[in-house]
Amino acid sequence: MEITKPETNTNNQWHTISGEETLQSLHSSPTGLTQSEAESRILRFGTNELIAEKRESPLILLFNQFKSLLIIILIIAAGVSFWTDGVAEGISILIIVLLAGVLGFIQEFQADKAIESLQKMASPHAQAIRDGVELHVEASQLVPGDIIILKTGDKIPADGRLIEANNLKIEESSLTGESLAVEKSSGIIEGKNIPLGDRKNMIYSGTTISYGRGRAVIVATGMKTEFGKIAGMLQSTKNRRTPLQENLDQLGKKLGIFSIALAAAMSGIGLLRGYPFEKMFIWGVALAVAVIPEALPAVVTISLALGVQRMVKRRALIRKLPAVETLGATNIICSDKTGTLTHDEMTIKKIYVSGKMYDVEGAGYTPEGQYRFEETPVTAKEDKDLHNLLKFGTLCNDTILQNTDGTWSILGDPTEGAIVVAAAKAGIEYSILRDEFPRLDEIPFSSESKRMTTMHKVKGRLEAYSKGAIEVILNSCNAQYINGEVIELTEEARAHLLAKAASLSENALRVLAVSAKVLTAKVFNQKEIESDMVFVGMVGMFDPPRAEAKTAIDTCFTAGIKPIMITGDNKITAKAIAKSLGILRKGRAMSGSELDELSDEEFEHIVEETEVFARISPSHKLKIVTALMDKGHIVAMTGDGVNDAPSLKKADIGVAMGITGTDVSKEAADMILTDDNFASIVNAVEEGRSIFENIRKYLVFLLSGNMGTVFALVYTLLAGLKIPLTAVQILFINFIMDGLIAIALGVEPPEPGIMNRKPRNVKEGILNKDTIVLIGFIGILIAIVTTGVYVWAGSSGFTDEQAKTMFFLTLIFARLFNGFNCRSLEQSIFTMKFWSNKGLIISSLVSLAMSILVVSVPFLQQAFTTTLPNPIEWLGMIVAAFFIIVVVETVKWLFKRMAS
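Residues numbered from 1 in each chain as written. Predicted model: local features only at pLDDT ≥ 70, side-chain atom pairs only at ≥ 80, totals over all residues. Heavy atoms only, no water.

Some thoughts on the overall build of the protein
Counting its secondary structure elements, the protein contains 31 helices and 28 strands. The 900 residues of the protein split such that 53% are buried. Counting only contacts in the protein whose residues sit at least 6 apart along the sequence, the fraction spanning at least 24 positions is 70%. Summed over its atoms, the accessible surface of the protein is roughly 39,000 Å², and 58% of this surface lies on carbon and sulfur atoms. (Helix = DSSP H or I, 4+ residues; strand = E, 2+ residues; numbered from the N terminus. Buried < 20%, exposed > 50% of the residue type's maximum accessible area, 1.4 Å probe, protein only. Contact = heavy atoms within 4.5 Å. Areas by Shrake-Rupley, 256 points an atom, 1.4 Å probe, with all protein chains shown as cover.)

As structure tokens, then:
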């Protein structure tokens, strides 16, 4: 069906026509598009995405691999070889340069693809109506004519015309520069040249809903949106490099300067010893290339990107790569309770009305289960007070209960869902109820007010219903319902109700109270509506703790990480749940009101002792995370609401909820939990530690091997021996070690026991004192082994060519064995699963096969000046090289024994 726009709207003047006319123009309706129509419009209008900055073509990416100074010098060196009749050597250099370039291209291409796939995983969602049903769809799949549901905290996915607005306010500063949230309405606005900021009936992609709710019909998507038009003019954003990459770049530059100076010095010694200039020039260049870990940036990027992809499989989506570096150092996790530490499937177990406590059977969202009073079954519809509580709670509610293929679920807030399910168990159909008593207005829930109020038309009069925290609701009431009658709420009655609420809380039940009021006029302010209300009753709901959360909490304590529970529940409930989860051990619990009574200095003094924070608001969260960070801790903070954004941004690691989180919280966060599960945070910390450790292993492996090569060559030169490696041999070793083996180490799975260690010190560089000593120790060890074989071969009657071949192969074997040593810098490789890193095994076998070809194929023998060793020589070189594993494993064992 072709979309046509009315004459009055040829210049996108949607604000000048009514919502009904907009729907007609877009061939849509209040029940939305059909799924098939939406799919056909995607083909016509394209996806709702901004066109990304044009990426470099693979050909340009390949060409860029040959632009570095050292590669250019190598090509010059090959030319010098050809000029001095070293044709085989020149061809060999060019082949290795080409192979290194292709490998670098593959590394960068894979890294780009990995990051691109992660960006796609972060695709936001929207709540739309299609075929008359509310459902979650990817924002990229929205099309003109789609009806979307708007609620507090959402980031608007496309431009739209409002068709319904209830207390709707939108923060549009990113588009208009207006700092205050704009109040929206669905009426017509006259005038065609009205500025965007004054089009109060329009919503725009990229802006954020700060208050209220509404519905809108999409009128523009992708590059046709106002943001899309701006993006079309810019398209200049570049990917931010991580601090780790920047630090390693600095390391690379220092190594570059060192390598050039070293190569120049050693080439100078070679010239003094009578070697020809052109040979020493080529040899010096090769040595400089060998010392520099030129694959370092690619290995880091791949390690980060592939590690982040592993995190996705473990339900943690990283939005910002620098977060990976910080995760491994996290030593405090401040976690919300509901949904993160618990299942977020609230079930009402107790209801207290008119002095009676009712038990409610059933669990989860399946609307099955009896009501009982003192073990006697009760028909809820026949108990007026009980029926009223369920009725009012259902009307003051935005959540929908749905059945999909026999599975019951909710669309909305779990706390509200518990009320809807409890009402359904009592035979109250919420859809019929809402049609019978239509909502006229509402005061949305906020974390500050801790309540929600709605106004309804009830048989010719206006009534208001509230639900929220027991203290808040009681403070707004001056009467209560008892057996269908309204009586005064005395101080004694208040104390009684608070005692009942405390009793429910002590049994780990979350308490929610309901109140009502008949309104005597049509226009009220919020204070008038939410005062002098009538207390109806309270419910006690249970959200069972996740079994995996308790295991994850135990892991935290083992890993030197302190978990802190933050909840909106009262202190008694919070303590009961925290104890059952194992969070509350030796520390204290504190409520938001207690926190408010403390000065900043007093709070900083006790914040580290506190393990549970109850009745906490978002402003409290910011105070908590600030105090902990000021103490020097690396803090991860979870959140899902709009007002959680400041604390998520402030924290070292902001963690948003993927299921219940608002778009605003997700934008502010560094990481999103796709399952809202605390265990996924701990899994992400494990992966973060592993990624950092893998980069460290790569550096130890590569630098120790390079230093081993350098130390061995320095010794032979200073000892007056013939140089045992040619330039081509140096480049070949560099190619297989810096490429194949290094990449395999960069993706080593998390090693056993990594969560038994304390978090690393963020002030400590990736190459700390221990690793620098280890690099030097292994480098000297490799040099001793290889020069030992070389000296023995030279003194045992072998030819120069045979001795040099043995040096060449022994060095390769020693560095290959060192690759297995570096799978863990602490654990013995004999305690690790041999096949857990198949990439390292395969790359080692490939490197070994290539080395065998170099010493056995006649053409390659000539190019690399090698000979084919006999079996005894092979065995001797392998045994000598294996000495690396024996010594390093012995050192690991000694250090482990000393530490214990």
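Quick notes on the nonpolar core
Membership of the largest hydrophobic core comes to 116 residues, with the highest contact counts inside it found for Trp283, Ile333, Met671, Phe678 and Phe808. With near-sequence residues (within four places) excluded, Met671 lies in contact with Ala316, Leu317, Ile318, Arg319, Leu327, Gly654, Val655, Ala656, Ile681 and Ala684. (Core = buried A, V, L, I, M, F, W, Y, C linked by side-chain atoms within 4.5 Å.)

Notes on the side chain of Glu751
As for its placement among the helices and strands, Glu751 is situated in the loop between α26 (727-746) and α27 (769-795). For Glu751, a relative accessible area of 3% puts it in the buried group. Polar contacts involving the side chain of Glu751 include one to the side chain of Lys697, which spans 2.9 Å. Excluding its chain neighbours within four sequence positions, the residues that come into contact with Glu751 are Glu693, Lys697, Arg757, Arg823, Ser824, Gln827 and Met832. (Polar contact = N/O pair within 3.5 Å; in protein donor to acceptor, adjacent residues only side chain to side chain.)

Observations regarding unusual backbone geometry
Of note, the phi angle at Arg315 is positive, near 75°, even though the residue is not glycine. With respect to the helices and strands, the residue Arg315 is situated in the loop between α10 (296-313) and β8 (316-318). You can call Arg315 partly exposed: its relative accessible area is 42%. Even without a glycine there, the phi angle at Lys450 is positive, about 60°. Inspection of the secondary structure assignment puts Lys450 in the loop between β16 (439-443) and β17 (451-458). Lys450 gets classed as buried once you look at its relative accessible area, which sits at 19%.

Some thoughts on the pairing of strand β21 (residues 510-519)
Among the ten residues of β21, eight are classified as buried, and the element is accordingly described as predominantly covered. Pairing analysis gives seven bridges linking strand β18 (residues 461-468) to β21, with the strands arranged antiparallel. Residue pairing in the sheet places Gly468 in a bridge with Ala513 of β21. Bridge count between β21 and strand β22 (residues 533-542): seven bridges; the pairing is antiparallel. Following the sheet pairing, Arg510 is matched in β22 by Met541. (Pairing = 2+ DSSP bridges.)

Some points on the layout of surface pockets
What the second largest pocket holds in volume is close to 1,100 Å³. If you go around the second largest pocket, you meet 34 residues; those closest to its centre are Glu693, Arg757, Asp770, Leu825 and Glu826. Residue assignment for the lining of the second largest pocket shows that the elements contributing at least two residues are α25 (678-718), α27, α28 (800-821) and α31 (871-899). (1 Å grid on protein atoms, 1.4 Å probe; cavity = no way out; pocket = protein on both sides within 12 Å on 5 of 7 lines; lining within 4 Å. Points joined across faces, edges and corners; volume = space filled by probe spheres on them.)

So, the environment of Met533
Looking at where Met533 falls in the secondary structure, it is placed in strand β22. The contacts of Met533, once residues within four sequence positions are left out, are Arg451, Ala464, Ser466, Ser476, Cys477, Asn478, Ala479, Ser515, Ala516 and Lys517.

What about the sheet that holds strand β9 (residues 332-336)?
If you trace the eight strands from one edge of the open sheet to the other, you get β8-β28-β27-β26-β9-β23-β25-β24, paired in mixed fashion. In this open sheet, the two strands that pair with only one neighbour each are β8 and β24 (588-591). On average, adjacent strands in this sheet sit at an angle of 20° to one another, irrespective of strand direction. When β9 meets strand β26 (residues 635-639), the two strands line up parallel, connected through three bridges. If you follow Ile333 over to β26, its bridge partner there is Ala636. (Axes fitted to C-alpha atoms, helices over the stretch in contact; angles between N-to-C directions.)

Side note on the confidence of the model for the protein
In the predicted model, the protein carries a mean pLDDT of 83, and 85% of its residues have values of at least 70. Across residues 1-10, where pLDDT falls below 50, the model places 25 contacts with residues more than four positions away in sequence or in other chains. In the predicted structure, residues 234-240 sits below a pLDDT of 50 and forms nine contacts with residues beyond four places in sequence or in another chain. (pLDDT = per-residue confidence, 0-100.)

Here's the deal with the pattern of salt bridges
In this structure the tally under the stated criterion is 36 salt bridges. Put simply, Lys184 and Glu172 hold a salt bridge, and the shortest N to O gap is 2.7 Å. Here Glu172 lies in the loop between β4 (159-171) and α6 (173-176) and Lys184 lies in the loop between β5 (182-183) and β6 (202-203), a separation of twelve residues in the sequence. Per residue, the accessibility class of Lys184 equals that of Glu172, and both read buried. (Salt bridge = Lys/Arg side-chain N within 4 Å of Asp/Glu carboxyl O.)

Topic: the packing of α28 against helix α29 (residues 838-856)
Running from amino to carboxyl end, α28 crosses α29 at an angle of 175°, the nearest separation of the two axes being 11 Å. The pairing of α28 with α29 is recorded here as roughly antiparallel in orientation. Residue-level contacts link Thr805, Phe808, Leu809, Ile812, Phe813, Leu816, Gly819 and Phe820 of α28 to Leu840, Ile841, Ser844, Ser847, Leu848, Ser851, Val854 and Val855 of α29. In terms of residue class, the contact of α28 with α29 is built from eleven nonpolar, five polar and no charged. (Parallel < 35°, antiparallel > 145°, perpendicular 65-115°, else oblique. Nonpolar A, V, L, I, M, F, W, Y, C, P; charged D, E, K, R; others polar.)

Topic: the environment of Gly876
Following the sequence through the fold, Gly876 ends up in helix α31. C-alpha separation for the pair Gly876 and Thr810, spaced 66 residues apart in sequence, amounts to 9.0 Å.

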